[in-house]
Amino acid sequence: MTLTPEAVYMRLGQLVAEMPELAKPSMPPETQLWLGRVVALIEEMGATGISDAIEIKFATRDLDSPHPGLRRSAADKITQALYRSLARAEIAAPATVQGAFVAAGDVHDAFAIVGKVLAEANSDLLIVDPYANEVLLQDFVVTAPENALVRILTTPQYKAALQPAVERWRKQYGKGRPLEVRISGPKLLHDRLIIVDQTTAWSLTQSFKDLAARSPTSIIRAPPDIAQAKIEAYTDLWSNAQAL
């Protein structure tokens, strides 16, 4: 079945957000499945995706090489072809569903795009980031609408840096900018997400503390079916997490 440009763009963006470490010495089955899905989606783009699909297929052969340099080169080729296809898919998709690709080093653009996503909230934001620290509050959450409840679900890794920032936030803003933070098990959180009003979900390929600083970042709205699954899963995790 032929997918719409909107569906191709959103699903390709989700695969970018889920990109595995391609240069590892051995390629696990889930990476092979991910690569197969990438090629299939790019081929859905028709003539505009042929060259990138072919490049990914050829580069995939070198991911099993015993030479680290060859594996790294193959991984880079796959990544570049995937981002090219994502950019083409974004152009073809309706403007109302377009997400954003943020090139390495474009930190200001990352701030602006995240701020735009946060501004969509009317009442509730759930931010999921296993590596959340004070940067999340100082640089990003501060752009959220006033009176919208901001909930942060994270792991204990940066608790020492996050907790003082949370205390300062509550002292400064009080009930005008409500904030809740909960800690979940490190092995339970695998995504970096912004869930807006329990209806839409945006995936980020990096944690907020590193957003676009050293490597390209994608901020992509998840397709409705994937968004709903993630919303349900992280709502359950939130309910069982421990308050900071």
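As a starting point, this report considers the structure included with it. Keep in mind that what you see is a predicted model, and the values were worked out from it rather than measured.

### What to know about the packing of aromatic side chains
So, point 1. Summed over the entire model, instances satisfying the criterion amount to 4 aromatic pairs.
So, point 2. Summarising the aromatic geometry, the rings of phenylalanine 111 and phenylalanine 140 are spaced 5.0 Å apart at their centres and angled 75 degrees between planes, so their arrangement reads as edge-to-face. Here phenylalanine 111, found in helix 5 (residues 107-118), pairs with phenylalanine 140, found in helix 6 (residues 134-140); they are 29 residues apart in sequence, far enough to count as distant.
So, point 3. Of the residues examined, phenylalanine 111 reaches a relative accessible area of 31% and is grouped as partly exposed.
So, point 4. It is arginine 151 that lies over the ring of tryptophan 238; its NZ or CZ is 4.9 Å from the centre.
So, point 5. If you follow arginine 177 out to its NZ or CZ, it ends over the ring of tyrosine 173, 5.4 Å from the centre.

### Quick word on the pairing of strand 2 (residues 124-128)
So, point 1. Within strand 2, 5 of the 5 residues are buried, leaving the element largely enclosed by the surrounding structure.
So, point 2. Burial along strand 2 is two-sided: the face carrying Asp124, Leu126 and Val128 and the face carrying Leu125 and Ile127 are both buried.
So, point 3. Alignment of strand 2 against strand 3 (residues 149-154), held across 5 bridges, turns out to be parallel. Looking at the pairing, valine 128 lines up with leucine 153 of strand 3.
So, point 4. Taken together, the 4 bridges between strand 2 and strand 5 (residues 193-196) define a ladder with antiparallel strand orientation. Looking across to strand 5, one finds that valine 128 is bridged to leucine 193.

What counts, and where the lines are drawn
- Residues numbered from 1 in each chain as written.
- Predicted model: local features only at pLDDT ≥ 70, side-chain atom pairs only at ≥ 80, totals over all residues.
- Heavy atoms only, no water.
- Phe/Tyr/Trp six-rings, centres within 6.5 Å; stacked < 30°, edge-to-face > 60°.
- Helix = DSSP H or I, 4+ residues; strand = E, 2+ residues; numbered from the N terminus.
- Buried < 20%, exposed > 50% of the residue type's maximum accessible area, 1.4 Å probe, protein only.
- Lys NZ or Arg CZ within 6 Å of the ring centre and 35° of its normal.
- Pairing = 2+ DSSP bridges.

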